[in-house]
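Chain by chain, the residues run as shown.
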Amino acid sequence: MTIDHNEPDVSELLAPFESVEPAVMQRLHDRLAAAAVEQHTLDIAYRTVDSPIGKLLLAATERGMVRVAFEVEDHDAVLQLLAEKLSPRILFSAGRLDPAARELDEYFAGTRHSFDLPLDFSLSRGFRLSVLEHLPQIAYGHTESYAQVALAAGSPRAVRAVGTACATNPLPVIVPCHRVVKSDGSFGNYLGGTDAKRTLLALEAA
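Everything quoted here is computed from the prediction, not taken from an experiment.

### Topic: the overall build of the protein chain
On a plain count of helices and strands, the protein chain comes out with eight helices and six strands. Counting every position in the protein chain, which comprises 206 residues, the buried fraction comes to 39%. Of the accessible surface of the protein chain, which amounts to about 11,900 Å², a share of 53% is contributed by carbon and sulfur atoms.

Here it is in structure tokens:
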């Protein structure tokens, strides 16, 4: 491989933009995002929000919310996986996810007990999808055991599979896998960590 020493350095290419005010760059980005939506060249929009359980990554397709990710999952890795599994046409677009951010704010403030967001379950299949479709039926402030969820999802013996479905839930908080506990009442594992699950259950019990 030969190197063309006449090619400009990356820093040289970016130099004209270094003096542009952040507000101007933000407007340019917003315009780009809006154009991508209008021209249907944006398949996945994303943004992050702060919450009592850490910064959350929110991602949505035209069909609805497709991913909520905790910081411990590594947001960059999550976006890369979305690009590989769904589409590489991903762009930061805060406005498109404003409804989701607002409903999450209301939930963490204790004023919202269920979500009204359209959901895209493209990342789930088979029995796992059946489990996820049942979880919103667990009432706010209540819990069900893994065995109860298995029964409700149509496979009473698939208790461990319920655990796997909850552990791989692409839409935690919005699809409340935190409301599923062991038969003895202990928390069990949670993708966002035990502290996050304890915080969510305490919020709903207040």
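### Describing helix α8 (residues 194–205)
For α8, built from twelve residues, the straight-helix expectation of 16 Å at 1.5 Å per residue is met to within 8% by its first-to-last C-alpha distance of 16 Å. Listed in full, the buried residues belonging to α8 are Ala-196, Lys-197, Leu-200, Leu-201 and Glu-204. Looking straight down α8, one finds that the buried residues subtend no more than 130° of arc, so they occupy a single side. In α8, those exposed residues whose orientation departs by more than 90 degrees from the buried face are Asp-195 and Ala-205. Considering only its buried residues, α8 is in contact with α4 (98–108), α6 (146–152) and β6 (180–181).

### Comments concerning unusual backbone geometry
Phi at Asp-74 is positive, roughly 70°, even though this residue is not glycine. Within the fold, Asp-74 resides in the loop between β3 (65–69) and α3 (75–85).

### Overview of the environment of Pro-172
Among the secondary structure elements, Pro-172 is positioned in the loop between α7 (159–167) and β6. Looking at Pro-172, the relative accessible area reads 1%, which means it is buried. Beyond its immediate stretch of four places on either side in the chain, Pro-172 contacts Val-68, Phe-70, Cys-177 and Tyr-190.

### Concerning the pattern of salt bridges
Evaluated as defined, the whole model comprises ten salt bridges. In this structure, the salt-bridge partner of Glu-73 is Arg-67, at a minimum N-O distance of 2.5 Å. Exposure remark for Glu-73: the relative accessible area of 18% places this residue in the buried category. Sharing partners across several salt bridges, the network here consists of Glu-103, Glu-106, Arg-112 and Asp-116.

### Focus: the packing of aromatic side chains
Counted under the stated rule, the structure contains five aromatic pairs. Where Phe-70 meets Tyr-190, the ring centres are 5.6 Å apart and the plane angle is 70°; that geometry is what we call edge-to-face. Residue Phe-70 is found in the loop between β3 and α3, and its partner Tyr-190 is found in the loop between β6 and α8; the two are separated by 120 residues along the sequence. The two residues Phe-70 and Tyr-190 agree in class, both being buried. Aromatic side chains Tyr-107 and Phe-108 sit 5.2 Å apart centroid to centroid with 70° between the ring planes, which places their arrangement in the edge-to-face category. Of the two residues examined, Tyr-107 and Phe-108, each falls in the buried class.

### Remarks on helix α5 (residues 126–134)
When we look at burial in α5, the residues that qualify are Val-131, Leu-132 and His-134. All buried residues of α5 fall inside an arc of 160° around its axis, so they share one side. Contacts made by the buried residues of α5 are with β5 (144–145), α6 and α7.

### Overview of the pairing of strand β1 (residues 44–49)
Of the pairings in the sheet, the one linking β1 to strand β4 (residues 90–92) comprises three bridges and is parallel in character. For Ile-44, the partnering residue across the bridge sits in β4 and is Ile-90. Sheet topology places β1 next to strand β2 (residues 56–60); five bridges connect them, and they run antiparallel. Paired with Val-49 across the strands is Leu-56, a residue of β2. Hairpin geometry of β1 and β2 is characterised by an intervening segment of six residues between the two adjacent antiparallel strands and by a positive phi of about 100° at Gly-54.

### Topic: the packing of α5 against α7
In contact at an axis separation of 9 Å, α5 and α7 are set at 75° when each is read in the N-to-C sense. It follows that α5 is roughly perpendicular to α7 by the angle criterion. Residues Phe-127, Arg-128, Val-131 and Leu-132 of α5 lie in contact with α7, whose contacting residues are Ala-161, Val-162, Thr-164 and Ala-165. Residues belonging to the contact of α5 with α7 are distributed by class as follows: six nonpolar, one polar and one charged.

Criteria and cut-off values
- Residues numbered from 1 in each chain as written.
- Predicted model: local features only at pLDDT ≥ 70, side-chain atom pairs only at ≥ 80, totals over all residues.
- Heavy atoms only, no water.
- Helix = DSSP H or I, 4+ residues; strand = E, 2+ residues; numbered from the N terminus.
- Buried < 20%, exposed > 50% of the residue type's maximum accessible area, 1.4 Å probe, protein only.
- Areas by Shrake-Rupley, 256 points an atom, 1.4 Å probe, with all protein chains shown as cover.
- Expected span 1.5 Å × (residues − 1).
- Arc of directions from axis to C-beta.
- Contact = heavy atoms within 4.5 Å.
- Salt bridge = Lys/Arg side-chain N within 4 Å of Asp/Glu carboxyl O.
- Phe/Tyr/Trp six-rings, centres within 6.5 Å; stacked < 30°, edge-to-face > 60°.
- Pairing = 2+ DSSP bridges.
- Axes fitted to C-alpha atoms, helices over the stretch in contact; angles between N-to-C directions.
- Parallel < 35°, antiparallel > 145°, perpendicular 65-115°, else oblique.
- Nonpolar A, V, L, I, M, F, W, Y, C, P; charged D, E, K, R; others polar.

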